Amino acid sequence: MAFSDAIFAIIITLLVLDLRVPDVPPGRLLSGLLAQWPSYVAYLASYSYVAVVWLNHKAAFNRIQQVDRGLHWMNLLVLFSTALLPFPTAVVSRALQEHNNADQRVGIAFYALIGAVLCTTWLAFYHYLAHNPDLLKAQAKGGFFHVERFRALAGVVLYLLAGLVGYLVAPLIGLVIFVVLPVFYAITSAGLYQSRLTHRITHRPSPPRG
């Protein structure tokens, strides 16, 4: 866990390195800062994504009793894909600031691809745990990791859809989806069926019969 937490800390540090003081003439600092808005939005999307990954990681390992070689490799895959995020973040930020529509579409599609790859590694991670219940704590041997696989699969689909929308329709729409998606995963980071909203819906009292 300490190794994983250190990797997440390094990734977040790398994300912030793309935020720079604008090189502008005296008196133009405000306009220079405002012109860098794509960097801020891309940073927000990726920071939120890494934060959600960290929450998911904590939630998963709180339910794990022991780790074998296979799970170590699954964890390394998740860390590998998460560590890629600073690169597409910088690509999207640069493309949106250059105002070239073709490059913007490619940048959004590239970010979506990396986002989908990250969700795919989570899918493999959850699948491994779902099929190795002997690694789990007693209270976690139910359907938690089986359900989490659907959440990871939904992420693969949603990021690919965002990339398609950003590439075929408008890059800014894809960027907005990138910002919104981590919000959904933050709300459901302990398991979709365990979120407060879902709990209220599934446990809503039946209306009185007349």
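Heads up: the structure comes first, above all this text.
Report on the accompanying structure. Note that the structure is a prediction, hence the values are computed from the model and not measured.

About the criteria used
- Residues numbered from 1 in each chain as written.
- Predicted model: local features only at pLDDT ≥ 70, side-chain atom pairs only at ≥ 80, totals over all residues.
- Heavy atoms only, no water.
- Helix = DSSP H or I, 4+ residues; strand = E, 2+ residues; numbered from the N terminus.
- Buried < 20%, exposed > 50% of the residue type's maximum accessible area, 1.4 Å probe, protein only.
- Contact = heavy atoms within 4.5 Å.
- Phe/Tyr/Trp six-rings, centres within 6.5 Å; stacked < 30°, edge-to-face > 60°.
- Patch = residues over 30% accessible without salt bridge, like charges linked within 9 Å, V, L, I, M, F, W, Y side chains within 5 Å.
- Areas by Shrake-Rupley, 256 points an atom, 1.4 Å probe, with all protein chains shown as cover.
- Salt bridge = Lys/Arg side-chain N within 4 Å of Asp/Glu carboxyl O.
- Axes fitted to C-alpha atoms, helices over the stretch in contact; angles between N-to-C directions.
- Parallel < 35°, antiparallel > 145°, perpendicular 65-115°, else oblique.
- Nonpolar A, V, L, I, M, F, W, Y, C, P; charged D, E, K, R; others polar.
- Core = buried A, V, L, I, M, F, W, Y, C linked by side-chain atoms within 4.5 Å.
- 1 Å grid on protein atoms, 1.4 Å probe; cavity = no way out; pocket = protein on both sides within 12 Å on 5 of 7 lines; lining within 4 Å.
- Points joined across faces, edges and corners; volume = space filled by probe spheres on them.

1. A few points about the overall build of the protein
- Along the protein, the regular secondary structure elements total nine helices and zero strands.
- Along its sequence from the N terminus, the protein presents helices and strands in the succession α-α-α-α-α-α-α-α-α.
- A total of 210 residues make up the protein; the buried ones form 41% of that total.
- Within the protein, contacts between residues separated by at least 24 positions form 77% of all contacts whose residues are at least 6 apart in sequence.

2. With respect to the packing of aromatic side chains
- Throughout the structure, instances matching the rule amount to 11 aromatic pairs.
- Both rings, one in W122 and one in F125, keep their centres 5.2 Å apart while their planes meet at 80°; by these two values the pair is edge-to-face. One end of the pair, W122, and the other, F125, are both in helix α6 (residues 101–130), three residues apart, so they sit about a helical turn from each other.
- A relative accessible area of 0% means that F125 is categorised as buried.
- Ring geometry for F184 against Y185: centres 5.0 Å apart, planes inclined by 75°, an arrangement best described as edge-to-face.
- An aromatic cluster of three or more residues is present, and its members are F61, W122, F125, Y126 and F145.

3. Quick look at a nonpolar patch on the surface
- Taken together, I10, L14, V16, L17, L19, V21, V24, L29, L33, W37, Y40 and L172 make up a surface patch of nonpolar side chains, about 1000 Å² in accessible area.
- Elements supplying a minimum of two residues to the nonpolar patch: α1 (2–16), α2 (29–35) and α3 (37–61).
- Top contributing element to the nonpolar patch by residue count: α1, with three residues.
- Here I10 shows up in helix α1.
- Under the relative-accessibility criterion, I10 is labelled partly exposed at 48%.

4. Details of the packing of α1 against helix α4 (residues 69–83)
- Their axes nearest at 10 Å, the elements α1 and α4 cross at an angle of 10°. When the interaxial angle is binned, α1 and α4 end up roughly parallel. In this structure, α1 contributes F3, S4, I7, F8 and I11 to the contact, and α4 contributes N75, L76, L79, T82 and A83.
- Looking at the contact of α1 with α4 residue by residue, the class counts come to seven nonpolar, three polar and no charged.

5. As for the nonpolar core
- Within the largest apolar cluster, 41 residues are counted, with the highest numbers of intra-cluster contacts made by F125 and F178.
- Where this core is concerned, the elements lending two or more residues are α1, α3, α4, α5 (86–98), α6, α7 (144–168) and α8 (171–187).
- In this structure, F178 is in contact with A45, I108, Y111, A112, Y159 and A162, ignoring residues within four places of it in sequence.

6. Quick word on the pattern of salt bridges
- Throughout the structure, instances matching the rule amount to three salt bridges.
- One salt bridge connects D18 with R20, and the closest N-O pair in it is separated by 3.4 Å.
- Assessed through its relative accessible area of 14%, D18 is described here as buried.
- The partner of E148 in a salt bridge is R151, with the nearest N and O atoms 2.8 Å apart. Taken together, the positions of E148 and R151, both in helix α7 and three residues apart, correspond to about one turn of that helix.

7. Re the layout of surface pockets
- Size it by volume and the largest pocket reaches roughly 200 Å³.
- As for the largest pocket, its lining consists of D18, R20, A35, Q36, S39, A90, S93, R94, Q97, E98 and H99.
- Of the residues assigned to the lining of the largest pocket, the class counts are two nonpolar, five polar and four charged.

Scope: geometric values only; no functional claims are made or implied.
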